[in-house]
Amino acid sequence: MSATLARDLVRCASCERVSRLPRLTPGTHARCSRCRAVVARRKDDSLARTWALLIAAAICYVPANLFPVMVVAGPGGSEADTILSGVVAMFQAGWYVIGALIFFASITVPVLKLASILVLLLSVHWRSNWRPRDRTRLYRIVEIIGRWSMLDMFVVSLTVALVQLGVVANVEPGIGASFFAAVVILTIFAASSFDPRLIWDAIEEGK
């Protein structure tokens with residue numbers, strides 16, 4: 001396949017169909033022949049958008065861990081739990097699996113996602129030639145993880161339901177849950193805004 005023909009091929013982000021991109025006049029766009037989603041050779045303002053979303057997510061991650069995500073009100077009074085204190089409470093109550101799941105999904109995964117996107121952005125900014133295939137795989141992993149980012153919110157909801165059904169206490173979401181939801185959404189958008197083709201630009205320019 002010639003280089004010119006390869007440059008004309010684009011992959012639909014919605015249905016993965018590969019199509020040839022026709023010549024477009026200014027102000028127009030092409031659509032996938034299968035799902036009719038808009039397709040383009042590059043994502044507009046990819047770096048600027050990804051940086052903005054990543055910084056916003058990192059800022060939201062701080063109050064997401066400092067403020068309570070759950071407020072439990074019972075006969076003995078009310079108690080507010082942050083993510084970390086909630087994990088400790090789960091372990092103390094003997095709910096080891098749920099505690100480990102919340103720790104992994106609420107602390108480990110967000111930090112790894114933020115760090116991974118930061119590494120990708122810095123490598124592109126510095127025009128790095130270092131292991132482009134591995135960096136592309138890293139981007140795909142971040143994309144896949146993003147689909148499971150609400151797992152911990154599901155676990156919190158399940159915990160609330162279990163407590164409510166047991167008529168033990170009344171549980172309400174805290175402000176930390178809102179910040180954490182913002183982190184999840186912002187990192188998903190950051191990953192989708194990043195254009196992995198930027199990883200290969202430095203390689204192509206070096207040929």
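In what follows, the structure referred to is the one given above.
All values derive from a computational prediction rather than experimental measurement. (Residues numbered from 1 in each chain as written. Predicted model: local features only at pLDDT ≥ 70, side-chain atom pairs only at ≥ 80, totals over all residues. Heavy atoms only, no water.)

A. Just helix α5 (residues 132-146), in detail. A rise of 1.5 Å per residue sets the reference length of α5, with its 15 residues, at 21 Å; its end C-alpha atoms lie 21 Å apart and thus fit the reference within 8%. Of the residues making up α5, those classed as buried are P132, R135, T136, Y139, V142 and G146. Looking down the long axis of α5, one finds its buried residues gathered within 115° of arc, a one-sided arrangement. (Helix = DSSP H or I, 4+ residues; strand = E, 2+ residues; numbered from the N terminus. Expected span 1.5 Å × (residues − 1). Buried < 20%, exposed > 50% of the residue type's maximum accessible area, 1.4 Å probe, protein only. Arc of directions from axis to C-beta.)

B. Quick peek at the environment of V87. If you trace the backbone, V87 turns up in helix α3 (residues 83-92). Residue classification places V87 among the buried residues on the basis of a relative accessible area of 4%. Separated by eleven residues in sequence, V87 and I98 place their C-alpha atoms 8.3 Å apart. Not counting residues up to four positions away in its chain, the partners in contact with V87 are G99, I102 and F103. (Contact = heavy atoms within 4.5 Å.)

C. Molecular detail of the nonpolar core. Of all hydrophobic cores here, the largest spans 27 residues; its most connected members are I117 and F194. Residue assignment for this core shows that the elements contributing at least two residues are α2 (46-66), α4 (96-125), α5, α7 (175-193) and α8 (197-205). No other element matches the seven residues that α7 contributes to this core. Sequence-distant contacts of I117, that is, excluding residues within four places in its chain, are made with T50, L54, V142, T187, A190 and A191. (Core = buried A, V, L, I, M, F, W, Y, C linked by side-chain atoms within 4.5 Å.)

D. Broad picture of the packing of α3 against α4. Running from N to C, α3 and α4 point in directions that differ by 160°, and their axes come no closer than 7 Å. With respect to each other, α3 and α4 are oriented roughly antiparallel. Read as a crossing pair, α3 and α4 show a hand that is left-handed. Contact with α3, carried on its side by I83, L84, V87, M90 and F91, involves Y96, I98, G99, A100, I102, F103, S106 and I107 of α4 and no other residues of that element. (Axes fitted to C-alpha atoms, helices over the stretch in contact; angles between N-to-C directions. Parallel < 35°, antiparallel > 145°, perpendicular 65-115°, else oblique. Left-handed = near helix turned anticlockwise from the far one by under 90°.)

E. Geometry of the side chain of S123. Structurally, S123 can be placed in helix α4. Among the polar contacts listed, one links the side chain of S123 to the backbone oxygen of L120, at a separation of 2.8 Å. With residues near it in sequence (within four places) discarded, S123 still touches S128 and R135. (Polar contact = N/O pair within 3.5 Å; in protein donor to acceptor, adjacent residues only side chain to side chain.)

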